[in-house]
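Each chain, written out:
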Amino acid sequence: YNVHHASSKYKGLGAIFKILKDKKLNQYARIHTVEKKIDYGKDIMIKKYKLNLKNSYYQNKLIANEASLKLLIKFLKKNA
């Protein structure tokens, strides 16, 4: 499994930067299976969140990371 802090459209490093550049602020963290490449695979669980262009990049990155962490905790509790 892999935890990624953006929709499947935004793969790899720099996902939050690309999201902000594209102004696609409604996003979701996801846990997905790993296939040929790390950010590919079927979504197992998702958690919606929203970024804000008025925030700094750092603040937006924290929002995404928090959503990912909450999703991971939920996944671990469910599958413990």
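Not measured: the values here are computed from a predicted model. (Residues numbered from 1 in each chain as written. Predicted model: local features only at pLDDT ≥ 70, side-chain atom pairs only at ≥ 80, totals over all residues. Heavy atoms only, no water.)

*Asks:* Hey, could you go over the pattern of salt bridges for me, with residue numbers and the actual values?
*Replies:* Counted under the stated rule, the structure contains 2 salt bridges. Between Arg30 and Asp43 there is a salt bridge, and its shortest N-O distance comes to 2.7 Å. Taken together, the residues Arg30 in strand 2 (residues 26–32) and Asp43 in strand 3 (residues 43–50) connect sequence positions 13 residues apart. With relative accessibility at 29%, the residue Asp43 sits in the partly exposed group. (Salt bridge = Lys/Arg side-chain N within 4 Å of Asp/Glu carboxyl O. Helix = DSSP H or I, 4+ residues; strand = E, 2+ residues; numbered from the N terminus. Buried < 20%, exposed > 50% of the residue type's maximum accessible area, 1.4 Å probe, protein only.)

*Asks:* Which residues make up the pairing of strand 2, and what values do they have?
*Replies:* Among the 7 residues in strand 2, 5 count as buried, and that is most of the element. Two strands pair when backbone bridges link them, and strand 1 (residues 2–4) and strand 2 are joined in this way by 3 bridges, in the antiparallel orientation. Counted as the bridge partner of Val3 is Ile31 from strand 2. With 7 bridges connecting them, strand 2 and strand 3 associate as antiparallel partners. Along strand 3, the bridge assignment pairs Gln27 with Tyr49. (Pairing = 2+ DSSP bridges.)

*Asks:* Any details on the sheet that holds strand 1? Residues and values, ideally.
*Replies:* With antiparallel pairing, 3 strands are arranged side by side in an open sheet as 1-2-3. Looking at strand neighbours, the two that pair on one side only are strand 1 and strand 3, the edges of this open sheet. Neighbour-to-neighbour, the strand axes of this sheet turn through a mean angle of 15°, independent of strand direction. Packed on one face of the sheet, helix 2 (residues 57–78) meets strand 1, strand 2 and strand 3 and runs near 145° to strand 3. (Axes fitted to C-alpha atoms, helices over the stretch in contact; angles between N-to-C directions. Contact = heavy atoms within 4.5 Å.)

*Asks:* Please give an account of helix 2 that cites residues and values.
*Replies:* In an α-helix there are 3.6 residues to a turn, and that puts residues three or four apart on one side. Here helix 2 contains 22 residues, and its C-alpha end-to-end distance of 32 Å stays within 8% of the 32 Å for a straight helix at 1.5 Å per residue. For helix 2, the set of buried residues is Asn60, Ala64, Ala67, Ser68, Leu71 and Phe75. Taken down its axis, helix 2 places every buried residue within 95° of arc, on the same side. More than 90 degrees from the buried face of helix 2, the exposed residues found are Tyr58 and Lys77. (Expected span 1.5 Å × (residues − 1). Arc of directions from axis to C-beta.)

*Asks:* Outline a nonpolar patch on the surface, supporting the account with residue identities and numerical values.
*Replies:* A cluster of nonpolar side chains, contributed by Val3, Leu69, Leu72, Ile73 and Leu76, occupies part of the molecular surface with about 390 Å² of accessible area. Broken down by element, the residue count for the nonpolar patch peaks at 4 residues, all from helix 2. (Patch = residues over 30% accessible without salt bridge, like charges linked within 9 Å, V, L, I, M, F, W, Y side chains within 5 Å. Areas by Shrake-Rupley, 256 points an atom, 1.4 Å probe, with all protein chains shown as cover.)

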